[in-house]
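A structural walkthrough
The lines below spell out each chain.
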Amino acid sequence: MSVQPLTSEEAGNLEKNYDRLMQMAAELDRALYAVNLEMQEAYKGFLKVKTELDMLKSEKTTIIERSRLISRMLSKF
(Lines give C-alpha, C1' and ligand atoms only; values in the text may rest on other atoms or scores of the structure.)
Protein backbone atom coordinates (compact mmCIF):
# COMPACT_ATOMS: atom_id res chain seq x y z
CA MET A 1 0.00 0.00 0.00
CA SER A 2 1.39 3.34 -1.03
CA VAL A 3 0.45 6.23 1.24
CA GLN A 4 0.47 9.70 -0.30
CA PRO A 5 0.19 13.09 1.43
CA LEU A 6 -3.22 14.73 1.37
CA THR A 7 -3.81 17.73 -0.84
CA SER A 8 -5.28 20.87 0.71
CA GLU A 9 -8.60 20.14 -0.98
CA GLU A 10 -8.69 16.56 0.33
CA ALA A 11 -7.89 17.74 3.85
CA GLY A 12 -10.65 20.35 3.67
CA ASN A 13 -13.19 17.77 2.50
CA LEU A 14 -12.17 15.29 5.18
CA GLU A 15 -12.68 17.76 8.01
CA LYS A 16 -16.41 17.38 7.35
CA ASN A 17 -16.42 13.57 7.08
CA TYR A 18 -15.81 11.74 10.39
CA ASP A 19 -16.50 8.26 8.98
CA ARG A 20 -13.96 8.67 6.19
CA LEU A 21 -11.40 10.00 8.67
CA MET A 22 -11.88 6.92 10.85
CA GLN A 23 -11.55 4.66 7.81
CA MET A 24 -8.34 6.40 6.76
CA ALA A 25 -6.96 6.13 10.30
CA ALA A 26 -7.63 2.38 10.23
CA GLU A 27 -5.99 2.03 6.81
CA LEU A 28 -2.92 3.91 8.01
CA ASP A 29 -2.75 1.75 11.13
CA ARG A 30 -2.80 -1.42 8.98
CA ALA A 31 -0.15 0.03 6.66
CA LEU A 32 2.07 0.93 9.62
CA TYR A 33 1.70 -2.57 11.07
CA ALA A 34 2.59 -4.15 7.71
CA VAL A 35 5.67 -1.93 7.32
CA ASN A 36 6.79 -2.81 10.85
CA LEU A 37 6.54 -6.52 10.04
CA GLU A 38 8.58 -6.02 6.85
CA MET A 39 11.19 -4.04 8.78
CA GLN A 40 11.49 -6.82 11.38
CA GLU A 41 12.06 -9.42 8.67
CA ALA A 42 14.59 -7.19 6.92
CA TYR A 43 16.43 -6.63 10.20
CA LYS A 44 16.60 -10.38 10.83
CA GLY A 45 18.15 -10.81 7.38
CA PHE A 46 20.56 -7.96 8.05
CA LEU A 47 21.70 -9.50 11.34
CA LYS A 48 22.27 -12.86 9.67
CA VAL A 49 24.37 -11.34 6.90
CA LYS A 50 26.25 -9.09 9.35
CA THR A 51 27.13 -12.11 11.50
CA GLU A 52 28.39 -13.97 8.42
CA LEU A 53 30.46 -10.95 7.42
CA ASP A 54 31.96 -10.64 10.91
CA MET A 55 32.90 -14.32 10.88
CA LEU A 56 34.57 -13.95 7.47
CA LYS A 57 36.49 -10.89 8.69
CA SER A 58 37.72 -12.87 11.66
CA GLU A 59 38.77 -15.76 9.43
CA LYS A 60 40.56 -13.32 7.11
CA THR A 61 42.44 -11.81 10.06
CA THR A 62 43.49 -15.27 11.20
CA ILE A 63 44.74 -16.15 7.71
CA ILE A 64 46.70 -12.90 7.45
CA GLU A 65 48.32 -13.40 10.85
CA ARG A 66 49.30 -16.98 9.97
CA SER A 67 50.73 -15.79 6.66
CA ARG A 68 52.83 -13.18 8.44
CA LEU A 69 54.09 -15.77 10.91
CA ILE A 70 55.04 -18.16 8.11
CA SER A 71 56.75 -15.32 6.21
CA ARG A 72 58.84 -14.50 9.29
CA MET A 73 59.77 -18.14 9.70
CA LEU A 74 60.70 -18.45 6.03
CA SER A 75 62.86 -15.33 6.18
CA LYS A 76 65.16 -17.15 8.62
CA PHE A 77 66.18 -19.66 5.97
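Going by the structure above, here's the rest.
Now for a description of the structure that goes with this document. If you're wondering where the values come from, they're calculated on a predicted model, not measured in any experiment.

1. A short note on the overall build of the protein chain
Scanning the protein chain from terminus to terminus reveals 2 helices and 0 strands. The C-alpha radius of gyration of the protein chain comes to 28 Å, more than 25% above the 11 Å expected for a compact globule of 77 residues. When the backbone C-alpha atoms are referred to their principal axes, the protein chain occupies close to 90 × 20 × 15 Å. Burial status across the protein chain gives 4% buried among its 77 residues. Of the roughly 7400 Å² of accessible surface on the protein chain, a fraction of 61% belongs to carbon and sulfur atoms. Counting 12 positive and 12 negative side-chain charges, the protein chain places the centres of these two groups 19 Å from one another.

2. Some points on the pattern of salt bridges
This structure, assessed with the given rule, holds 4 salt bridges. In this structure, the salt-bridge partner of D54 is K50, at a minimum N-O distance of 3.1 Å. Of this pair, D54 and K50 both sit in helix α2 (residues 18-74), separated by 4 residues, roughly a single helical turn. Since its relative accessible area comes to 38%, K50 is described here as partly exposed.

3. Remarks on the environment of L14
Structurally, L14 is set in helix α1 (residues 8-14). A relative accessible area of 9% means that L14 is categorised as buried. A sequence separation of 30 residues divides L14 from K44, and the C-alpha atoms of the two residues are 39 Å apart. The residues contacting L14, other than those within four sequence positions of it, are L6, R20, L21 and M24.

4. Some remarks on a nonpolar patch on the surface
Side chains of Y43, F46 and L47 sit close together on the surface and give an oily, nonpolar patch of about 310 Å² of accessible area. Structurally, L47 is set in helix α2. You can call L47 partly exposed: its relative accessible area is 36%.

Quick notes on the rules
- Residues numbered from 1 in each chain as written.
- Predicted model: local features only at pLDDT ≥ 70, side-chain atom pairs only at ≥ 80, totals over all residues.
- Heavy atoms only, no water.
- Helix = DSSP H or I, 4+ residues; strand = E, 2+ residues; numbered from the N terminus.
- Rg over C-alpha atoms; globule rule 2.2 N^0.38 Å.
- Buried < 20%, exposed > 50% of the residue type's maximum accessible area, 1.4 Å probe, protein only.
- Areas by Shrake-Rupley, 256 points an atom, 1.4 Å probe, with all protein chains shown as cover.
- Lys, Arg positive; Asp, Glu negative; His and termini not counted.
- Charge placed at Lys NZ, Arg CZ, Asp CG, Glu CD.
- Salt bridge = Lys/Arg side-chain N within 4 Å of Asp/Glu carboxyl O.
- Contact = heavy atoms within 4.5 Å.
- Patch = residues over 30% accessible without salt bridge, like charges linked within 9 Å, V, L, I, M, F, W, Y side chains within 5 Å.

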